[in-house]
Amino acid sequence: MKVFDGLHAFLWRIPTQNNCNAYLIDGEVKILVDPGHRHLFGHVLKNLALLDIYLDQIDVAVVTHGHPDHLEAVTQLHASTMFTMSGEEYRNIKKFAGPGMPEPDFFLEEGDVTIGEHRFQVVMTPGHSPGSLCLYWPDKKALFTGDVVFFQGIGRTDLPGGNGKELKNSIQKISQLDTEYLFTGHGEILIGQEAIKANFKKIQAYYFNYL
Ligand SMILES: [Zn+2]
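To start, this report covers the structure provided alongside it. What you see is a predicted model; the values in this text were computed from it and never measured.

Another point: the pairing of strand β14 (residues 181-184). A two-sided burial pattern is seen for β14, the buried positions comprising Tyr181 and Phe183 on one face and Leu182 and Thr184 on the other. As judged from the four bridges shared by strand β11 (residues 142-146) and β14, these two strands associate in the parallel manner. Opposite Gly146, over in β14, you have Thr184 as the bridge partner. The pairing of β14 with strand β15 (residues 190-191) spans two bridges and is classified as antiparallel. Bridge pairing links Tyr181 to Ile191 in β15. Connecting the antiparallel pair β14 and β15 is a turn made up of five residues, with Gly187 showing a positive phi of about 75 degrees.

Okay, the pairing of strand β9 (residues 118-124) next. Regular strands place their side chains on alternate faces of the sheet. Pairing between strand β8 (residues 111-115) and β9: five bridges, direction antiparallel. Opposite Val113, over in β9, you have Phe120 as the bridge partner. Two successive antiparallel strands, β8 and β9, enclose a turn made up of two residues, where Gly116 displays a positive phi of approximately 60 degrees. As paired elements, β9 and strand β10 (residues 133-137) share four bridges and run antiparallel to each other.

Now for the nonpolar core. In terms of nonpolar packing, the biggest core is built from 49 residues, with Tyr23, Val33, Ala61, Cys134 and Leu135 touching the most fellow members. Apart from residues lying up to four places away in sequence, Ala61 is in contact with Leu32, Pro35, Val74, Leu77, Thr81 and Phe83.

Even without a glycine there, the phi angle at Asp52 is positive, about 60 degrees. In this structure, Gln152 takes a positive phi of about 60 degrees despite not being glycine.

Moving on, we get to the sheet that holds strand β7 (residues 106-108). The strands that make up a sheet pair up through hydrogen bonds in the backbone, lying either parallel or antiparallel. With mixed pairing, the seven strands of this open sheet are ordered in space as β1-β2-β3-β4-β5-β6-β7. Looking along the sheet, the strands with just one partner apiece sit at the ends: β1 (2-4) and β7. Across the sheet, the mean angle from the axis of one strand to that of its neighbour is 25 degrees, orientation sign disregarded. The pairing of strand β4 (residues 31-33) with strand β5 (residues 60-62) spans three bridges and is parallel. Among the inter-strand pairings, Ile31 is bridged to a residue of β5, identified as Val60. Taken strand by strand, helix α3 (residues 87-96) contacts β6 (82-86) and β7, and its axis lies near 90 degrees from that of β6.

So, on to α3. Listed as buried for α3 are Glu88, Glu89, Tyr90 and Ile93. Against β6 and β7 lie the buried residues of α3.

Rules used in this analysis
Residues numbered from 1 in each chain as written. Predicted model: local features only at pLDDT ≥ 70, side-chain atom pairs only at ≥ 80, totals over all residues. Buried ≥ 20, exposed ≤ 12 C-beta atoms within 10 Å, placed from the backbone. Helix = DSSP H or I, 4+ residues; strand = E, 2+ residues; numbered from the N terminus. Pairing = 2+ DSSP bridges. Core = buried A, V, L, I, M, F, W, Y, C linked by C-beta atoms within 7 Å. Contact = placed C-beta atoms within 7 Å. Axes fitted to C-alpha atoms, helices over the stretch in contact; angles between N-to-C directions.

The analysis is restricted to geometry; functional conclusions fall outside its scope.
Listed below in structure tokens is the structure:
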């Protein structure tokens, strides 16, 4: 699904199997956000093929956090594709991961990052996992949230390293950004400032009592 020029959303729509939404930031440099589960990577391949894009054309894979349903398929990428995630998350995940854990080519930390012609802000958002990040794309007012917030929902805090208080602070932090597109790690995406504001309001009114 093309959301706007330069952004394709590969939404996961099979409720009986858990996998994340993947996103392609297209341009001179092509970036894949959250490749998903290894055994379900056909979903990404199929969507890329529909765009006449093959794996060797993907320059960088950005992973929002280290859970298998977002990270695992990094191992299926072409050898020329660089892989990046937060250093904090990598150090934490490495404790649990087996020997097959892919090594990032570079790490993302809080602040600005330029990948090819694309300029982003990395916003560190711990809580769902210790080193979760959101990727904010100021030129498009787009925010990739991983599992921090969803349409009418928030990420779990009961997995290793999860922390409700931190998640609350992280959600407050990203709710301040000027966002037209909220690209969630699972479920529906949100388009339009009003819809996004209303979603944050709903989350703060409901879930913040339990964090
Ligand atoms: Zn997760």
